[in-house]
Amino acid sequence: LESALYITKRPRSSQYMLARGGKTRLKALQELAKEDPQKWGKLDFHEIQWVSESHILAAHLVENTGREAMCFWDLAEGIATLRDQIAQELGKPISSRALPEMLATRGLEVGKKTIWAAEFALEYLDALGSWKPKLGVKHIETIIRPRFTSLQELWLLIGFEN
């Protein structure tokens, strides 16, 4: 509750939105205001200038990874969504090699290993269902991906096609 809440508006919009995460803090403050309007009824916000949709998405990811125990699967989905948004804004696809720099310019520091693990997980591991939130980068790097690669090689060796 001590951290400031930042707000912004999309161009041509009259609605404000949280600009750097803080949804949980805002809800907590709203609940406190119901209990004691005198003490909590007035909220202070810092308005910042709109930059882009991708900057908002990145700020929310930064907030969630910094304040919560965000599972790797949610981070992977967030990175994929952010990559799509950046690509839409730039009008061109974003390569895996270029993505860390693109994310960094929006305040989200994510290494290549995490990005590669996220791409692999989203492409091949969706069928894990309720186990997905338990996955981590290390699981993918050291256990799952090496075995997957070995199985692919075996598959090709015995003559099966994709």
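Quick note: structure is the one above.
Examining the overall build of the protein
Along the backbone of the protein there are seven helices and three strands. Computed over C-alpha atoms, the radius of gyration of the protein comes to 20 Å, more than 25% over the 15 Å expected from 2.2 N^0.38 for 162 residues, which places it beyond the range of a compact globule. Overall, the protein is about 75 × 35 × 20 Å in size when its C-alpha atoms are taken along their principal axes. Within the span of the protein, comprising 162 residues, buried residues form 31% of the whole. When contacts within the protein are restricted to residue pairs at least 6 apart in sequence, long-range pairs at least 24 apart make up 55% of them. In the form shown here, the protein has an accessible surface area of approximately 11,100 Å², with 53% of it arising from carbon and sulfur atoms. In the protein, which carries 22 positive and 21 negative side-chain charges, the distance between the mean positions of the two groups comes to 2 Å.

Considerations on helix α1 (residues 23–35)
A rise of 1.5 Å per residue sets the reference length of α1, with its 13 residues, at 18 Å; its end C-alpha atoms lie 19 Å apart and thus fit the reference within 8%. Among the residues of α1, R25, L26, L29 and A33 are the ones counted as buried. Down the axis of α1, the buried side of the element spans an arc of 100 degrees, and every buried residue falls inside it. Of the residues in α1, the exposed ones pointing more than 90 degrees away from the buried face are K23, T24, K27, K34 and E35.

Topic: the packing of helix α6 (residues 112–124) against helix α7 (residues 137–157)
In contact at an axis separation of 10 Å, α6 and α7 are set at 55 degrees when each is read in the N-to-C sense. Comparing the axis directions of α6 and α7 gives the class oblique. Seen along the crossing, α6 lies across α7 with a hand that is left-handed. On α7, the residues that touch K113, T114, W116, A117, F120, A121 and Y124 of α6 are V137, I140, E141, I144, R145, F148 and Q152. Its residues placed into classes, the contact of α6 with α7 shows nine nonpolar, two polar and three charged.

Some remarks on a nonpolar patch on the surface
A cluster of nonpolar side chains, L151, L154, W155, L157, I158 and F160, forms an exposed patch at the surface whose accessible area comes to about 670 Å². Looking at the secondary structure, you find L154 in helix α7.

Looking at the sheet that holds strand β2 (residues 16–18)
Pairing between the strands of a sheet comes from backbone hydrogen bonds, and it takes one of two forms, parallel or antiparallel. Strand order in the open sheet formed by three strands is β2-β1-β3, and the pairing between neighbours is mixed. Each end of this open sheet is capped by a strand with a single partner; those strands are β2 and β3 (45–47). This sheet shows a mean twist of 40 degrees between the axes of neighbouring strands, independent of strand direction. Pairing of strand β1 (residues 5–9) with β3, which is carried by three bridges, proceeds in the parallel orientation. From the neighbouring strand, L5 faces β3, where its bridge partner is F45.

Details of the packing of helix α4 (residues 72–90) against α6
Between α4 and α6, whose axes approach to 9 Å, the crossing angle comes to 95 degrees. Judged by the angle between their axes, α4 and α6 are roughly perpendicular. Contacts from F72, W73, L75, A76, E77, I79, A80 and R83 of α4 reach α6 at T114, A117, A118, E119, A121 and L122. Within the contact of α4 with α6, the residues separate by chemical class into ten nonpolar, one polar and three charged.

Quick look at the environment of W50
By the element assignment, W50 lies in the loop between β3 and α3 (53–67). Separated by 43 residues in sequence, W50 and I7 have C-alpha atoms that sit 9.1 Å apart. Those residues in contact with W50, other than ones at most four positions away along the chain, are T8, K9, R10, P11, M17 and I56.

Analysis parameters
- Residues numbered from 1 in each chain as written.
- Predicted model: local features only at pLDDT ≥ 70, side-chain atom pairs only at ≥ 80, totals over all residues.
- Heavy atoms only, no water.
- Helix = DSSP H or I, 4+ residues; strand = E, 2+ residues; numbered from the N terminus.
- Rg over C-alpha atoms; globule rule 2.2 N^0.38 Å.
- Buried < 20%, exposed > 50% of the residue type's maximum accessible area, 1.4 Å probe, protein only.
- Contact = heavy atoms within 4.5 Å.
- Areas by Shrake-Rupley, 256 points an atom, 1.4 Å probe, with all protein chains shown as cover.
- Lys, Arg positive; Asp, Glu negative; His and termini not counted.
- Charge placed at Lys NZ, Arg CZ, Asp CG, Glu CD.
- Expected span 1.5 Å × (residues − 1).
- Arc of directions from axis to C-beta.
- Axes fitted to C-alpha atoms, helices over the stretch in contact; angles between N-to-C directions.
- Parallel < 35°, antiparallel > 145°, perpendicular 65-115°, else oblique.
- Left-handed = near helix turned anticlockwise from the far one by under 90°.
- Nonpolar A, V, L, I, M, F, W, Y, C, P; charged D, E, K, R; others polar.
- Patch = residues over 30% accessible without salt bridge, like charges linked within 9 Å, V, L, I, M, F, W, Y side chains within 5 Å.
- Salt bridge = Lys/Arg side-chain N within 4 Å of Asp/Glu carboxyl O.
- Pairing = 2+ DSSP bridges.

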